[in-house]
Amino acid sequence: MVRRQLGHLIGHFHRDVVGSKGADVHETFELCMIQGDAFPLGKNDHLSTIVKRTGSWQHLIKSNGKPIGIAQSAAPGPLENQWSVQNFFVTPISAKIARAVAKIDKVRSRNDIEVTLVTVPSKLVDFFLLRSPRETEVYLIVGRDKSKGLVEGRFYTEAKFLKMLSSSPNASGVGSTNSPIDLSASKRKEEVTGAE
């Protein structure tokens, strides 16, 4: 279902980025999220308490063996034939996801690891959550705040990652502000200034 819908979407809107052999779905992960209001974290918080399911799945899309983008899909109804592709993005993040998958397969090749893709929009961070009966670990795929020590392409223990993530500032323009701006007052001021 996802392949068929994706082929239709790419064929109509993204023919310029797809090679002669077309595109194919290579890896699929459940997509979860940590919302901005989960910070600051409490002393006893764990990833399992703040990571929430979105109901969507993310697919790594390749063309001629090269990662070209990501697609998101979900089932809006209980029937399998209602499953639908919601988005397709041509993005360099697909190459980072492909590298992450290859590294996890090589370094953490145990069969009992559950891998979930997690995004943190307020921090501009994406990571793989690796859970096994013995431990919970993080592999950072995308992290744009290197000043706080979050380095892409590294494994972190759950405790260290949570501490670093919590101390990382919110992305510019994301989150609450201390002094809300009255847009109507700002517009009135522009009108008065313009009238003069």
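Residues numbered from 1 in each chain as written. Predicted model: local features only at pLDDT ≥ 70, side-chain atom pairs only at ≥ 80, totals over all residues. Heavy atoms only, no water.

1. What to know about the overall build of the protein chain
Working step 1: Broken down by element type, the protein chain carries five helices and eight strands.
Working step 2: In sequence order, the secondary structure elements of the protein chain are arranged as α-β-α-β-β-β-α-β-β-β-β-α-α.
Working step 3: In the protein chain, buried positions account for 37% of the 196 residues.
Working step 4: Taking the intrachain contacts of the protein chain between residues at least 6 apart in sequence as the baseline, contacts between residues at least 24 apart amount to 50%.
Working step 5: With the model as given, the accessible surface of the protein chain reaches about 12,100 Å², and the carbon-plus-sulfur share is 51%. (Helix = DSSP H or I, 4+ residues; strand = E, 2+ residues; numbered from the N terminus. Buried < 20%, exposed > 50% of the residue type's maximum accessible area, 1.4 Å probe, protein only. Contact = heavy atoms within 4.5 Å. Areas by Shrake-Rupley, 256 points an atom, 1.4 Å probe, with all protein chains shown as cover.)

2. Some remarks on the side chain of Ser94
Working step 1: Its place among the elements puts Ser94 in helix H3 (residues 93–107).
Working step 2: In this structure the side chain of Ser94 is engaged in a polar contact, spanning 3.3 Å, whose partner is the backbone nitrogen of Gly69.
Working step 3: Residue contacts for Ser94: discarding those within four places in its chain leaves Leu60, Pro67, Ile68, Gly69 and Ile70. (Polar contact = N/O pair within 3.5 Å; in protein donor to acceptor, adjacent residues only side chain to side chain.)

3. Considering the pattern of salt bridges
Working step 1: This model, assessed by the stated rule, comprises five salt bridges.
Working step 2: In this structure, Arg53 engages Glu30 in a salt bridge whose closest nitrogen and oxygen atoms are separated by 2.7 Å. In this pair, Arg53 is assigned in strand S2 (residues 52–63) and Glu30 in strand S1 (residues 23–33), connecting sequence segments 23 residues apart.
Working step 3: In this structure Arg53 comes out as exposed when scored by relative accessible area, which is 67%.
Working step 4: In this structure, Asp112 engages Arg134 in a salt bridge whose closest nitrogen and oxygen atoms are separated by 3.2 Å. Remark: Arg134 occurs in the loop between strand S6 (125–131) and strand S7 (136–143) and Asp112 occurs in the loop between H3 and strand S5 (114–120); sequence separation between them is 22 residues.
Working step 5: Looking at Arg134, the relative accessible area reads 58%, which means it is exposed. (Salt bridge = Lys/Arg side-chain N within 4 Å of Asp/Glu carboxyl O.)

4. Structural notes on the environment of Phe161
Working step 1: With respect to the helices and strands, Phe161 occurs in helix H4 (residues 158–167).
Working step 2: The class of Phe161 is buried, set by a relative accessible area of 0%.
Working step 3: Expressed as a C-alpha distance, the spacing of Phe161 and Tyr139, which sit 22 residues apart in the sequence, is 9.4 Å.
Working step 4: With residues up to four places along the chain from it excluded, the contact list for Phe161 reads Val125, Phe127, Val138, Leu140, Leu150 and Tyr156.

5. Remarks on H3
Working step 1: The terminal C-alpha atoms of H3, which comprises 15 residues, lie 21 Å apart, in line with the 21 Å expected from a rise of 1.5 Å per residue.
Working step 2: Regarding H3, the residues found buried are Ser94, Ile97, Ala98, Ala100, Val101 and Ile104. Buried residues of H3, seen end-on, are gathered within an arc of 160° and therefore sit on one face of the element. Exposed positions of H3 whose direction lies more than 90 degrees from the buried face are Arg99 and Lys106.
Working step 3: Among the structural elements, S1, S2, strand S3 (66–74), S6, S7 and strand S8 (155–157) are those in contact with the buried residues of H3. (Expected span 1.5 Å × (residues − 1). Arc of directions from axis to C-beta.)

6. Examining the sheet that holds S8
Working step 1: The mixed open sheet is built from eight strands, whose spatial order is S4-S3-S2-S1-S5-S6-S7-S8. Two strands close off the open sheet at either side, each with one partner strand: strand S4 (84–90) and S8. The mean inter-strand angle of the sheet, taken between neighbouring strand axes irrespective of direction, is 35°.
Working step 2: As judged from the three bridges shared by S1 and S5, these two strands associate in the parallel manner. When the bridges of S5 are listed, Cys32 appears paired with Val118.
Working step 3: Where H3 meets the sheet, it contacts S1, S2, S3, S6, S7 and S8, and its direction lies at approximately 155° from that of S7.
Working step 4: Against the sheet, H4 contacts S5, S6, S7 and S8, and its axis sits at roughly 95° relative to S8. (Pairing = 2+ DSSP bridges. Axes fitted to C-alpha atoms, helices over the stretch in contact; angles between N-to-C directions.)

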